[in-house]
Every structure is written in C-alpha cells, then in structure tokens.
Amino acid sequence: MLITAVRLGKRLAICSLSAGTLLLASGCARAHPHTVAVIPEMTAQELWEAEHAGVASAALGTNWEIYWNGPGRKDDVARQIELVEAAIAQRDGGLILSPDHALALNTLVRRAVAQGIPTVIVGSHLSISPNPKLAYILNDDEETGRLAADRAGETLHGMGDVALIGSEPGIASTFLRTTAFRHRLSERYPSIHIVNELPGSGAFDEGLLGAQQILERYPKLDAIVALDTVATRASFSALKSHQRNNEVKLIACDQALDLLYYLRKGEIDSIIVENTFEMGYRAMKLINAGQRGESILGNQLLPPTMVTRENVDRPDVQRMLSMDWRPTQ
Amino acid sequence: MKLFKHSWNAAIAALIGAVSAAALLFSFIHYIRPFLGLPFRDPFADGKSNLWQPMGGAWDLANGTMQNHSDEWGAKLLAGSKYWTDYVVEADLEILRDYGDAGLIVRSNQEDRGVDAYNGYYVGLRSIDDSLVIGRADYGWMEGRPVPMPGGVRRLTWYHLKVVVQGCEIGVAANEVGTQNRAWTVFQESGCVASGRIGLRSVATVASWRNVKVYSVGVPAELAAIRRHVTEETHPEFPKGEAAYNSSHTFPTYDPKDAKFTPEKTAAKAHPPQPISSLNNLPEPVSHPVSVRGVVTLTSPQLYVQDVTGGVAVAEVNVSALGIGDEVEITGWPDAQPFSTILRKADVRLLLGRTPPPPVSITAAQAATGVFEADFVETQGYLQHIHYESGNTIILDLDDGSQSFRAIVTGGPSAALYRKFSEQSLLRVRGICVLDPRFTQNEVPFALLLRAADDIDVLVGPPWWSARRFIELTCVLLLLLLMILFLYVRIENWRMKGILDERERLALEMHDTLAQSFAGVGYQLQGIRNGMRNGPANWPTINEQLDRACEMVRQTHEESSLSIAMLKPGSPEFGDLTIAFERCASRIAEGGDVRVTVTREGPIRALPLRVTDTLFHIGAEAITNAIRHAQTETVEVHMTYETNAIVLHVQDHGIGFTAGGQLRSHGLRDMEHRAASISADLHVHTAPGEGTCIEVVVPLHSRKVLTELVSHGERYITRLAFKAGQKLGFHRR
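Every value quoted in this text rests on a predicted model; they were computed, and no experiment measured them.

Below, the discussion takes up the overall build of chain A. When helices and strands are counted, chain A shows 11 helices and 12 strands. By residue count, 57% of the 329 residues in chain A fall in the buried class. When contacts within chain A are restricted to residue pairs at least 6 apart in sequence, long-range pairs at least 24 apart make up 73% of them. Roughly 13400 Å² of accessible area belongs to chain A as shown, and the carbon and sulfur atoms make up 55% of that amount.

In terms of regular secondary structure, chain B is built from 11 helices and 33 strands. Every one of the 733 residues in chain B was classed for burial, and the buried ones make up 47%. A separation of at least 24 residues holds for 65% of the contacts in chain B among residues at least 6 apart in sequence. For chain B, the exposed surface amounts to about 36400 Å²; the carbon and sulfur share of it is 58%.

This part covers the nonpolar core. All names here are of chain B. Grouped together as the largest cluster of nonpolar side chains are 44 residues, with contacts concentrated most on F40, W52, L125, L132, I170, I198 and L200. The dominant element in this core, judged by the number of residues it contributes, is strand β6 (residues 87-95), at 5 residues. Leave out the neighbours within four places in its chain, and L200 touches F44, W52, W59, M66, A75, K76, L77, G103, L104, W209 and V212.

What follows concerns the sheet that holds strand β5 (residues 134-139) of chain A. Residue and element names in this part refer to chain A. Taken in spatial order, the 6 strands make up an open sheet running β2-β1-β3-β4-β5-β11, and their pairing is parallel. Looking at the sheet topology across the chains shown, the edges are occupied by β2 (65-68) and β11 (298-302). Strand-to-strand twist in this sheet, taken as the mean axis angle between neighbours without regard to direction, amounts to 20°. In terms of strand pairing, strand β4 (residues 119-123) meets β5 through 5 bridges, oriented parallel. Residue pairing for β5: V122 is matched across the bridge by I137. On the sheet, helix α2 (residues 46-59) packs against β1 (32-39), β2, β3 (92-97) and β4 and is oriented at approximately 170° with respect to β2.

Residues and elements named next belong to chain A. An ideal rise of 1.5 Å per residue puts 18 Å on 13 residues; helix α8 (residues 229-241) measures up with 18 Å between its terminal C-alpha atoms. With 12 of 13 residues buried, α8 is to be regarded as a mostly interior element. Among the residues of α8, those classed as buried are T229, V230, A231, T232, R233, A234, S235, F236, S237, A238, L239 and K240. Along its buried surface, α8 packs onto α2, β6 (160-167), α7 (204-217), β8 (223-226), β9 (249-253) and α9 (257-264). Where α8 starts, the residue carrying a side-chain oxygen 3.3 Å from the main-chain nitrogen of V230 turns out to be D228.

Moving on, we come to the environment of A:T119. Residue and element names in this part refer to chain A. Note on placement: T119 falls in strand β4. Counting along the chain gives 167 residues from T119 to L286, while the straight-line C-alpha distance between them is 8.7 Å. One polar contact links the side chain of T119 to the main-chain carbonyl oxygen of I117, over a distance of 2.9 Å.

Looking now at the sheet that holds strand β33 (residues 692-699) of chain B. Adjacent strands of a sheet pair through backbone hydrogen bonds, lying either parallel or antiparallel. Residues and elements named next belong to chain B. A sheet is described by the order of its strands in space; here 5 strands give the open sequence β29-β30-β31-β33-β32, paired in mixed fashion. The open sheet is flanked by β29 (595-601) and β32 (681-686), the only strands paired with a single partner. Here the average twist between neighbouring strands, direction ignored, is 10°. Sheet topology note: the β29/strand β30 (residues 634-641) ladder contains 7 bridges and is parallel. Following the sheet pairing, T599 is matched in β30 by H638. Here helix α8 (residues 577-588) sits on the sheet and contacts β29, β30 and β31 (645-652); the angle it forms with β29, its principal contact strand, is near 175°. With respect to the sheet, helix α9 (residues 609-629) is in contact with β29, β30, β31, β32 and β33, its orientation differing from that of β31 by roughly 10°.

The next point concerns the pairing of strand β16 (residues 207-215) of chain B. All names here are of chain B. Pairing of strand β1 (residues 40-42) with β16 involves 3 bridges; the strand directions are antiparallel. Looking at the pairing, R41 lines up with K213 of β16. Of the strand pairs in this sheet, strand β4 (residues 65-68) and β16 are connected by 3 bridges, and their pairing is antiparallel. Across the sheet, residue N68 finds its bridge partner in β16, namely A207. Pairing of β6 with β16 involves 7 bridges; the strand directions are antiparallel. Within β16, the residue paired with D92 across the bridge is R210.

Cysteine pairs can be linked by a disulfide, which is a covalent bond between their two sulfur atoms. Residue and element names in this part refer to chain B. Enumeration according to the criterion identifies 1 disulfide over all chains in this entry. Residue pairing for C168: its cysteine sulfur links by disulfide to C192, the two sulfurs lying 2.0 Å apart. As the torsion about the S-S bond is roughly -70°, the C168-C192 disulfide counts as left-handed. Of this pair, C168 sits in the loop between β12 (158-166) and β13 (169-176) while C192 is found in the loop between β14 (182-188) and β15 (197-203), placing the two residues 24 residues apart along the sequence. Taking relative accessible area as the criterion, C168 reaches 28% and is therefore assigned partly exposed. On the basis of relative accessible area, C192 is assigned to the buried category, the value being 18%.

Throughout the structure, instances matching the rule amount to 56 salt bridges over all chains. We note a salt bridge from A:E274 to A:R177, for which the minimum N-O separation is 2.7 Å. Taken as a pair, A:E274 in the loop between β10 (270-273) and α10 (276-291) and A:R177 in helix α6 (residues 172-188) lie far apart in primary sequence, 97 residues in all. The burial state of A:E274 is the same as that of A:R177; both residues are buried. Between B:D670 and B:R674 there is a salt bridge, with the nearest N and O atoms lying 3.4 Å from each other. Here the residue B:D670 and the residue B:R674 both occupy positions in helix α10 (residues 666-677), the gap between them amounting to 4 residues, near one helical turn. One salt-bridge network, held together by shared partners, links B:E378, B:R428, B:R430, B:R451, B:D455 and B:D457.

Before going further, it helps to examine the confidence of the model for chain A. Mean pLDDT over chain A: 88, with 89% of residues reaching 70 or higher. Note that pLDDT drops below 50 for residues 22-28 of chain A; the model gives that stretch 0 contacts with residues more than four away or on any other chain.

Let's shift gears to the confidence of the model for chain B. Residues and elements named next belong to chain B. Per-residue pLDDT for chain B averages 83, and the proportion of residues at 70 or more is 88%. Across chain B, the element-wise mean pLDDT spans from 51 in helix α11 (residues 702-728) up to 97 in β12. Scored below 50 in pLDDT, residues 261-268 shows 15 contacts in the model against residues more than four places distant or in partner chains. Here residues 728-733 is a poorly scored stretch, pLDDT under 50, and it has 9 contacts once near neighbours within four places are set aside; other chains count.

Moving on, we come to helix α3 (residues 77-89) of chain A. Residue and element names in this part refer to chain A. The terminal C-alpha atoms of α3 lie 18 Å apart, and with 13 residues this matches the ideal 18 Å at 1.5 Å per residue to within 8%. Those residues of α3 that fall on the buried side of the exposure criterion are V77, R79, Q80, L83, V84, A87 and I88. Here the buried face of α3 lies against β1, β2, β3 and α4 (106-114). Phi turns positive one or two residues past the end of α3, at R91, with a value near 50°.

Parameters at a glance
- Every chain is numbered on its own, with residues counted from 1 as its sequence reads.
- In the order they appear in the text, chains get letters beginning with A and ligands get numbers beginning with 1.
- Owing to the predicted nature of the model, reporting of local features is limited to residues with pLDDT of at least 70; listing and counting of side-chain atom pairs is limited to 80 or more, with chain, interface and lining totals taken over all residues.
- Excluded from the side-chain calculation are hydrogens and water; included are all heavy atoms of the structure.
- Each helix is a run of DSSP H or I of at least 4 residues and each strand a run of E of at least 2, with the numbering of both proceeding from the N terminus.
- Relative accessibility decides the category of a residue: with a 1.4 Å probe and only protein chains considered, values under 20% of the type maximum give buried, values over 50% give exposed, and everything between is partly exposed.
- Note on contacts: a residue pair qualifies if any of its non-hydrogen atoms lie within 4.5 Å across the two residues.
- Note on areas: Shrake-Rupley with a 1.4 Å probe; residue coverage comes only from the protein chains shown.
- Buried residues of nine kinds, namely Ala, Val, Leu, Ile, Met, Phe, Trp, Tyr and Cys, make up a nonpolar core once their side-chain atoms join them within 4.5 Å.
- Being paired, for any two strands, means DSSP has found at least two bridges between them.
- Fitted lines through C-alpha atoms serve as axes, helices being fitted only where they are in contact, and the angles separating the N-to-C directions of these axes extend from 0 to 180 degrees.
- What a helix should span is 1.5 Å times the count of its residues minus one.
- A 3.5 Å cut-off defines polar contacts: any pair of N or O atoms within that distance qualifies, except that in protein one atom must be a possible hydrogen donor and the other a possible acceptor, and neighbouring residues in sequence count only when both atoms are side-chain atoms.
- Cysteine sulfur atoms are paired as a disulfide whenever they come within 2.5 Å of each other.
- Salt bridge, as used here, is a side-chain nitrogen of Lys or Arg placed within 4 Å of a carboxyl oxygen of Asp or Glu.
- pLDDT expresses how confident the predictor is about each individual residue, on a scale running from 0 to 100.

This is the structure we're talking about:
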C-alpha cells in the first residue's frame, strides 16, 4: 500500500509540475519585440501623418512592425495614456511618443524606460532628463515664436496690433512659442502690440467664438497669430465670416492640408511648418539603434520653416509635408 | 494477444477516421465561411441588436435607427464575419451636424479604438466638401479621388449608400433619399484586403443609420450596374503629398453666404442663463422658465447637462441631434425634486461642440448623500450581479462595502459586451449619479447612468478562490487522479502480462531442455537396470550408458547455470551477451582445437529479457553446431548493437553444407523457431566447402523497448520505495 502511495505521489508531483509550468507559460503576456508603438498627439491630422510617413520611411527594409495609433482629439490625454500603457504591457520593442500633456505622461515614460524600452519623445518636451534609453526630437518652438514675430514685423512694417490665439496650458510647445513671440516683439518690433491673448482649448467652436469676439472688439486689428491648427481654423473661419480676411493677416503655426490650401489661395499669410517627417524619420533610426543596445541619449531640436505662397512648392518644403505612410522605396 | 491486436487496429482505424472527418469538416467550414451569416439584416427595430461591437462612440438604439451620440473622430460599430469576402452592404444614414462625415466600413479587420484604427475600407459622405469619399484604412488613411455629391451633403437629410465589394474592386452608389441626387464611384486596389467585417463609422459628427443589410447574391451584377455610371476607377492615392492633394481638392470657403458654416451668434435672452446649482434654490412657485448653459453629459435614457456648478436632468425634449460633449443652452420649467431639479418642457439650443467634462471621482458613500445628483461622477465597487432587462437595458449591481448601488446602461448595441465582467470584480464606473426611484427602485440609495460599456474599467479581477473555481479545480484534480490511476492500472497490467508471458516461456524452456534431459538420463538409467535384470551385466555397455548419462547431466547442468546467469541481475552475463557467449564457447570448445572469438560493435544497451535469452540460445546452438560438425579451426561470434536492431553473426570456416538440403538439422529448425518467437530474421549463409554463417537480426520496436523500460522503471521505483520503507521500519517481513 505504501509503495503504491509513493508511486502515485511521485507521478502526481511530476504531473503537477508539468501542469504548473504550462499554466505559468500561458499566463505570461506575449512580448512584441519587433513592434514599435508610434503614438502621436492625435491621428488623422496632417501634422502627425507626416511623422507617420517619416517613421515608415525609416523603417523600410527593417523587420520593424509599426503600430500607429493615437487619440482622436488633442485633449484626449486619457486615451493616449491607455495606448502607452498597452505598449508597455505588451513589451513593445520601442516607443515614439508625442505627449498630449507635459505632466500626465511622465510616469508612464519613466516606466517604459525602466523596462528597457527605447523611447523617443517627439514634439513636446517632458520634464524627464534624456538618458541612454530616452531621447528627445523636438520642434524648436522658440524659433517658431521668433519666426512668427519676424513675419508680423515684416508684414506690418514694424507697427500695428496683433492677437495671439491658442496658447494652451499644459502644452509646453504653445507656451514656448508665446514666450518667444512676446520676447522677439519687444526686442525688435516695439511698435507692434499684442492686444489680446486668447487661450486655446483644442475645440474649434470655442476658438471660433473667441476669435469672433476679438474681431468685434478690435475693429483695427492688423494680424492674428494662431499657435496651432485648431486656433488657425477658428481664426480663419472668424475672419471669413466677418469678411476681414483681406485686412487682417493670419500667421499660422503647424501644417494641415486645408490650411495650406487657403495659403495657396492667399487667404492665409503664412504657415510656420514643423518638420514632423524628419522627426519621425530620426526617431525610428534612434529606436533601431536602441534595439542594437546603443545609447540613444540626446536632445535634438529641428528648426521650423516659414512657408508662404512663394516657397510652398519647393522640394524641401514638400518633403516636409509628405504624408506617404505606405512608402515603396 | 489477438484481442489486443484487434483493439489496436480499431484504434488506428478510428483515429484515421476522426482525422479524415475533421479534415472534411474543416474543408467544408473553410468553403462555406465566406457565406456564413449571410444574408445579414438589422432593421434596428426590436431594440435587441446584440450583433454589433462598438469601438468608441456613444451608441443608442431608438425608433429603428442606430445613433452615435458622440462626435468622436472615427467611432465605429462593427458586425459580421471576418471571413466575408464578396458582398453588398446597404444602409440609410443621416448626418446630424454641419461638419464631419459618416458612412460604412467594409472588409474590416484588426480593429481598435482610434480614427483609422482598422484594416479595411471606408465609404462615407463628407459634409466639409460635399463629397462621396472612399479610401483604404490601415491605421492610417489613403483616400481615393472624392466624388462631388449633387445637392451636397446636408445635415438632417437621409442618404442611401450601397457598397459592393468584389475581388479588389469596390463599387459605391449613393443617393439622397427621395431625390434624384446620386453619385457613383469605383475604387480599386492591388493587393487588397480580401475579406472582413462590416461597420458603421462617423467622424466628428452625431449620425444615425437604419436598414442595414448585407447579402452575397448578385454581387457581379450590382458592381456592373455601378460601373456603368463611372468612367474612371479611383485608387488609394491621397494624401501622399500636399501639392498633389491640393491641386485636385477643394475645401469650404467659409464665406458668409455659405450658411452651412455660419456659427450661431449668441443673442440676448429674456432670461439670461444662470448657474445650474441655483436651480435648487428657486422661490416657489416659479413664474417663468429659466435658462442654463452647460455641456451634454448623457442623452439616453434622459438628457443630462452639466456646468461647473453641477448637473441637471432635462425632460420632455428631443435629443436626436444632440451629442455628448455639446454645449447647449436650455430654457425650461423647473420641477423641484427631493435632491435636485428637473427642467421640463425645455427648449434646447445647440451652441458649440466641446470636449466632454471629466468625471468627479467620489466614493459610493458620498454619492448616496445626493449632493452629486445629476453630476457626471466616477466611483468604484465590487460587481455582485448583472441583469439583462428588456429593451437592451443592462443593470450591474455593485457594492463598495459601505453602499450598494447600480450602474445602468440603456439602449446600447450589445449585451454581449458585459459578459466579460465577472462577479466579485472590482469595477470603476463613470456615469450620471441619480437618486430617482425609477432607476434605484428604492432598493439602493443611488444609481449611475452609464453612456456605454467603455465607462466600465476592471480594476481588479474576481478572487481566485470563488466557490465555482474551487469546484472546477476539484473536478480537474479528480479527473487527473482518475487518469493517473487508470494509467497506473494499465502499466501494472502490462507488467503482469509480461511476467506471465515470461513465466510461460520459461516453463516451455524447461520442458524443452531440463525435462527432456532428465528423460534422456532416466532412459539411460532404465537401460542399465533392464540390462542388469535380464542377465549378467554387460559392463562395457553399462559403462557406455553411464558415460552418456553423466554427459547429459553435465550438459544440462551447464545449460541451466548459463540460463540462470542470463536471467540473474548482478551476474556478469546479465545484460552483456558477449560475456555469456564467451563462457558458453569456452565450455563447448573445452579440450578441443577450435578457437572461438567473441567481438562486439556499438554500445551495450538494455534489451528485453526475452530477447536476451532467445539470442543467447540461438548463439549457443550455432556455436555448438560449428564446433561439433563444421570441422573448423575457428569460430567467430560478432554482436552488433544498431539503433533499431541487434545483429548476431556466428561464422565458421568449415566444410559448410548445401542450404535447404538433407543436412538441415533439428538444431537449425529450433533456431528458426526461436528467432520467429521474437520477430527476428534468421539467415543461413553456407555452401559446401565455404563455411557457414548464421545471421540473426532482431528489430527493436519502440513499443517493446518502452514496455521494457516501463517495467524496469517500475522495478526501480518499487525497489526505492521498499528500501525507504525498510529504513523507516514500515515493512514487517
């Protein structure tokens, strides 16, 4: 009887061990070491589709699989957090993130880096120092502000009233643009006055209402500087509805197809374009280096470009505006 | 043995049959799955549309329409099979805003929440450029050339879309219901997505769909009918570059004459808006309607609006054109309730599209006080039970330890979504906090009205040791135990059968050798006795008979000793046939001139006892024959241990004989019988004057080896157990 019990016990132990190993193996999450999660501020926007194109272009000929997804609205920080959490949980091979908020993504980015995921922050700065697993490729937002001020100074011949629309709390890029714009105006164009600063909310309707109120309150306004695409659309719509688009110059920041269409028609004075294509391209190259175990430590600032009707068809400008996320060569 | 053989054959036949049946079934399913579920029709009439899976949005069934009450970019509602290939999808759709677009998804795969987060095709009506648009999505968007929609794409207007997918072509026909405004397009992509689900999708607008149907009959004819109206096919080409796109596209002018895009200006009101929280402090009786301004937080089962001071319910109002996140101005008659006020007979004016406010995070105890009545809140609790009520209402009973409450979802598209939530899970739910007895049934202090399944997050799954899990585990363990017992009994049976077989063989062996030898000795002794009884002793004859008897006894003794040595673990012969052959040869050749060499090739392996014993007897017989009859000077014995076989060669260089001739001896036949008993092949290579070679090839079947190893393993474990028992003093001899 004892012998039988020992035999049974021995076999049961082996079976339990095997079953336990199987359960353990099946319980572990599957890693995606060849997937790079690219999470922009928002999708279906030309500004970020150009980043998609840059990433796809750099990934050509490699074995990387690109997972491109992001929130539908710039203020949907919760959705962006969900996507980053999923990328970390799936142990993706790399993360390229354009944060929607200066603080809300910090913890997750730290977590990704702690897990050894090469991470590149594109677009807006976070308050985490670069390290061998974390790099920044940013638009030089201060230069954007300076370019906008110079354009205002040029078109207004150094004198006039401007309104600044779209500075969003929590978005470092618009804060830097605003500060640099103010500084350059006071430094070089003291006769140009900022008569109103309307904060942005990411909502078109709200921006439109605000722009209309500014136009009604300042009948002699000379220019509007719109700090992002939503603010530009709202300002453009308000100018058209008040039939003042010929007298008020609209200087825009960040590209979109419809805004470039109006630029070509002469209804928008100029657009200061971010080189998000190059940002995506460089970010993907860094992820590739990070996967090989190389340090990706760095903080790159890419200069923006002032686009007007005169230079919009230049090849270097058109390359910046490429949205071909299905490149073939 | 026969029975075992038959059952083995039957098992193999059954296995082949099962595999064939499975292959047939798989082929059949593979063939029919592109048509499974077709035709598909959902009139959204019965309010029980469980076939749809939402990805974003706030979906609601009402009056035979499926409505998305959210202006989320790329909200999707999916249905059908990913195996559907060629089919026609038809639906009516209505856009409820001045901008955005709405339409149908075809051949959709790998869906996720996100604007273009699916792999498939989208066909829609876009109000911003009044066009019929088609394109390819793959977590990105590549559009074909848009087709202008005659009459434009206007809000609160029903359009009919027919999408035909065949091969890598998609034909689309769109028309404004009740008019002659029609548009067609044909889209073609090489390396297209070959199959996938269908879906409803809207971008940046509240929209409605009705009369959705999918069918696979007459697809080529439907496509041909559309192609007749189209001169040039379009391909996924935009937007690649800005210059190309803007050279062929237009955008709205935003000119004042374009009323579609003129924002509604705020006019001075007779009753200016007041904070929502102030509605609870109005003097009675109220002599005039009041106005509030806020953001829509819920549209079904009742409209709720919230500003920074709080929320309010609005009754008796048409909400069809409203979406969650809309900023509205509401003018209505306040109706004071115990914890809040309801605005009745209200007039709603849509102002702006805004981002829905985030929920206020509170505890269930705080919610129960009524302070947060009509507010958008977030709280958490353990799921107790889910009820599926009529009218697609799902009620989740929750408890956070201090308070029990309910979470209610009304009119959602699919009850199946909620089955993933397990009882005793810790859930975080977001919704409008209500104390209205219509929702609480006076059984719980408050209820939360949720917008969709997305408003539920699982924070912690159910505890592992639930009663159900325990029963399941017990059943699995019992099953495992039964399987082990079954296996144990089977192995014991195999072992016992092996022992009995071996015992029977040994009995036969003894009968063939010992019994016959004793009979021979007895015969010699009986001859001596008869000779002495019948007359004077013939001593030469008696001596001869005694010598024969002694020789027989000696031979029998030696054979028996070797046989026993072969079977006795620990003896040198056990497991090593070469030693046994050396001993056997030296005994037979003793006193003669014949030289016997025994060699081996390959590592010695554990062989079944039956095989070892039989091989030994065949070899011994062959050596004996060679020494006694072959007139040879040398005999070579060679053992080869191959992977799947054991080969024995016994070679002499004597006189040989004619194979198959008269000299075929009894010993040779005996060797053949022995070889046959272990399924071995025995070959005799000989010719007169050329010596003789006996070759025995024993194939080693895996089953034989396995059985033997199991038997050895059993013996080993038994010995271990026995020794352990002895050490512990459990065994009493």
